[in-house]
Amino acid sequence: MSATLIDVKNLRRVFDVSKPWLNRMLEGGHLEYLKAVDGVTFDIKRGETFALVGESGSGKTTVARMVVGLLPPTSGEVVIDGVSMTDPRQAQARRRLRRRIQMIFQDPYASLNPRFRVDAIVAEPIRAFDLILGERDIKARVGELLSLVGLHPDDGLKFPHEFSGGQRQRIAIARALASEAEFIVCDEPTSALDVSVQAQILNLMRDLQDKFGLTYLFISHNLAVVRHMASRIGVMYLGRIVEIAEGRKLFENPRMPYTKMLLGAVPDLAMSGRQRIPVKGEIPNPINPPPGCSFNPRCPLAFDLCRQKAPDLIEGVACHAVNDPAAAVPA
Amino acid sequence: MTQPVLSVRNLEVEFVTRRATLRAINGVSFDIARGEVLGVVGESGAGKSVTGLAVIGLIDPPGRISAGEIELSGTRIDHLPPEQIRRIRGKRIGMIFQDPLTSLNPLYRIGDQIVETIRTHTNLTETAARKRAIDLLAEVGIPAPEKRIDGYPHEFSGGMRQRVVIALAICAEPELIIADEPTTALDVSVQAQIIALIKRLGRDHGTAVMLVTHDMGVIAETCDRVAVMYSGRIAEIGPVQEVVRNPLHPYAKGLMGAIPTLAGEDKRLVQIPGSMPRLSAIPPGCPFNPRCAFVFDRCRVDRPEPIRQGTQAVACHLFDPVKETAA
C-alpha cells in the first residue's frame, strides 16, 4: 500500500460555450471554449486533508467533480489507489473503487432527496453496494451512523425538511460514511452554514478523520477554514494551481504574488494592523484569459516574460518572478 | 454630546401570521453617531436585516413595527406615512443590498438609473445630474466612468455592480447608509476593495453607516462599534476592539471562538451546542439559555436587560451585581 492515495496528473477540462450552430451561421461568431481547468497536477496522501482554495471561477469545483468521476476530463488522468478513473481497461477495478469514494456537497438543501426519509437516504449507499443484507441489520447500522454524526437514531424517521442546515450537513456526512468510504471530496461543505454551526461541522469532520483515517479533498473559498482543516493547500487561479504548499508554510510565507494578495485581502479578526498588498482588479474573463501568466494584469511583479509564457509549477510555485528572480527586472 | 444621526429605542417588529404573532425584533436600542460605522452581526434569523429594513421603513405587511422609536437626526421617522418616508428613503438614508444584480434594473443603463435618483432628490438639471453621476462613478472607483455610464448592469462584474449600487446610495449625500451584507456575494479580493470604499466614504462625507453582516472579519476591519444580535435582541454592544478581543456575553464568546482565523493554531474550534431557536419557539427568559454553559435559574425566567460594563453593554444576568431572582 503506497502512501499516495490520489494522484492527479495534468488534468484539463474545456467547456464549449459557443452559441448554437444555427446562431453562429446566421449571426456570425465562432467557436468559443472555456478552459475551466488547465493542467492541474497534485497528489493526496492517505489520511491527509488536501485543500484547494481560490475565488469564484478558478476551477475548484470542476476539479472536485472530475476527481470523483462526475465529469469526464478533457485530458489528463486521475489515479486513485492505483486505479485509473479514465482507463477503459480498468472498469472492473473502478467499480469496486466507487464505494470508497464519496462526496459532500455545498448546499445541504439540494443534496438530500426531500421525498426520502433520512434513514432511506443514509441506507442508500449500503443497499447500492450490498454491504449489509437484512433490513434489521441495515436499520441498526443507520442508527449507528446517525449517532456517529451527532444525531439521534430516531431522527431516521424524519424527512430532511425537519432539519436545520447544520443537521442536514450531518446527514450528508452520515451518508458519505455509510459505504465505509476512505476518501471524501468536500465541496464547500460549510459555506451555506452559520459560523457557530460551521465550527460544529468542521470539528465533526476532524473527529471522523481521526477515528477512521479518512482522506479529504477539501474545496473552499474561505482561507481561514482551509487553514484550520488542511495539511496541504493548493491555490487555484483561472484553472491552474499557482502555488502548492504545506498549510503552515503557505500562510507564514506565501511566495506567489496572487497568494500574497489573497491572504492580504482576508479581513483580519485579530486586528493586527498588518501590512497588506493592495488588491487591484478582478479575475479576468476565463473565455479570453490574458496571454502568458493569467495573473499578469494584476501582478505587481509582472515583467515581459509573464505576458508571453505561462509559468510552470516549479517547487510548488508557478511564477516567473519567484522561480527566475534574475530575469525579473520590472520592464 | 452631539446628537446621534440614528437613534433606535426599544424597537419591536412583529410578523402576524395565522398561527401566531412572531416577534422578530424584541427591544433593540442603539445609536449611530456622525461618521461612525456600526456593525450588526449575528447568525441567520437573528434579526439583523429586519432591523435595517425597519430603520428605512421597508417592513411590509404582515410585518409591522409594534413598539419603539426610530429617530433620524432628532426627528421620529417610524410612524411617518408612506409618502413622507419615501422622500427620506434614498435622500437622507441610502441603502446597499446584498445582491447587486437584483438591486439594479437590468433594462436601464446604469447612468439613467443614477440620473433618475439624483433628479428625484435634488433639483439639478439633466446635464448637471449626468455630470454628477460621472463624478460619483469616478468616486466609487469605476474606471473610465464617462464611457461606462452608458453600460447596462449585465456588462459589469459583481464588484463593479456593487460599486454602482454604492454610487446610487450616496448620490443624494445621505446622513445614513444602511449596508445589508454588501460583500457577502463577492470574492475576498473584491470584498477588500468594497470594504475600503465604504470606510473611505464614511470618513470623507461624515456619513453614518450601519453595516449588517454575518462576517466577523468584515466587522473587525470596518466598524467602530459592533452590536452582536441573537434571537431578535442585542446580546452585546460596544467598541469593536473590546467586543472582538474581550467578548463578555457567553454567546459572543462562543461566536468569536467558533471563527477559524488565519493565525489560528490547529486546536479545535469552540463549539456552541444546538442552534438558534425558531421565532415561534423562543424560550422564556434569556433566549440563549438552552445553549449557554453558564445558565442558572434566573436565566430561564427573567429576560436580561443590557448592563453597562465599561465601554460595553451586555444583556446577561452574569454581569448583574444582584444575581438572584427578584421574585
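Residues numbered from 1 in each chain as written. Chains lettered and ligands numbered in written order. Predicted model: local features only at pLDDT ≥ 70, side-chain atom pairs only at ≥ 80, totals over all residues.

Engineer: Sorry, what's going on with the overall build of chain A here?
Structural biologist: Helices and strands together make up the secondary structure of chain A, namely twelve helices and ten strands. Relative to its length of 331 residues, chain A is compact, with a C-alpha radius of gyration of 22 Å against a globular reference of 20 Å. Each of the three principal axes of chain A carries a C-alpha extent, and together these read 75 × 55 × 45 Å. The burial tally for chain A puts 41% of its 331 residues in the buried class. Relative to all contacts within chain A whose residues are 6 or more apart in sequence, the contacts with residues 24 or more apart total 64%. (Helix = DSSP H or I, 4+ residues; strand = E, 2+ residues; numbered from the N terminus. Rg over C-alpha atoms; globule rule 2.2 N^0.38 Å. Buried ≥ 20, exposed ≤ 12 C-beta atoms within 10 Å, placed from the backbone. Contact = placed C-beta atoms within 7 Å.)

Engineer: Where do I start with the environment of Pro61 of chain B in this structure?
Structural biologist: Mapped onto the secondary structure, Pro61 of chain B falls in the loop between helix H1 (48–56) and strand E4 (63–72). Considering only alpha carbons, one finds Pro61 of chain B and Glu155 of chain B, 94 residues apart in sequence, at a separation of 35 Å.

Engineer: Teacher, can you tell me more about the environment of Ala192 of chain B here?
Structural biologist: Residue and element names in this part refer to chain B. One can find Ala192 in helix H7 (residues 188–205). For Ala192, a count of 23 C-beta atoms within 10 Å translates into the label buried. Along the primary structure Ala192 and Pro250 are separated by 58 residues, whereas in three dimensions their C-alpha atoms are 30 Å apart.

Engineer: How do you make sense of helix H10 (residues 250–258) of chain B when you look at a structure like this?
Structural biologist: Taken across its nine residues, H10 of chain B has seven buried, putting it largely inside the fold. Listing the buried residues of H10 of chain B in full gives Pro250, Tyr251, Ala252, Gly254, Leu255, Met256 and Ala258 of chain B. In this structure, the buried residues of H10 of chain B make contact with helix H7 (195–212) of chain A together with strand E9 (225–230), strand E10 (233–239) and helix H9 (240–245) of chain B.

Engineer: I'm lost on the confidence of the model for chain B in this one. Help?
Structural biologist: Detailed reading of predicted coordinates is not advised where the pLDDT is low. Averaged over chain B, the pLDDT score is 88; the fraction of residues at 70 or greater is 97%. Predicted complex, confidence summary: ipTM 0.77, pTM 0.84. (pLDDT = per-residue confidence, 0-100.)

Engineer: Sorry, what's going on with unusual backbone geometry here?
Structural biologist: Leaving glycine aside, a negative phi is the common case for residues, and trans is the common case for peptide bonds. Backbone torsion omega between Pro61 of chain B and Pro62 of chain B reads 10°, so that peptide bond is classified as cis. Note that Pro62 of chain B resides in the loop between H1 and E4. For Asp81 of chain A, which is not glycine, the phi dihedral falls at a positive 50°. By the element assignment, Asp81 of chain A lies in the loop between strand E4 (75–80) and strand E5 (83–84). With a phi close to 50°, Glu188 of chain A is a non-glycine residue in the positive phi region. By secondary structure assignment, the location of Glu188 of chain A is in the loop between strand E7 (183–187) and H7.

Engineer: Could you clarify how one ought to interpret the pairing of E4 of chain B in this entry?
Structural biologist: In the case of a regular strand, side chains alternate between the two sheet surfaces. Residues and elements named next belong to chain B. With eight bridges joining them, strand E1 (residues 6–16) and E4 adopt antiparallel strand pairing. Each bridged residue has a counterpart across the sheet, and for Glu12 the counterpart in E4 is Ala67. Hairpin connection of E4 to strand E5 (residues 75–76): two residues between the antiparallel strands, including Ser73 at a positive phi of 45°. (Pairing = 2+ DSSP bridges.)

Engineer: Which parts of the structure should I look at to understand the interface of chain A and chain B?
Structural biologist: How big an interface is tends to be reported as the loss of accessible area on association of its parts. Tallying the contact residues gives 30 residues for chain A and 35 residues for chain B. Broken down by element, the residue count for the side of chain A that touches chain B peaks at seven residues, all from H7 of chain A. Looking at the side of chain A that touches chain B residue by residue, the class counts come to 18 nonpolar, seven polar and five charged. (Nonpolar A, V, L, I, M, F, W, Y, C, P; charged D, E, K, R; others polar.)

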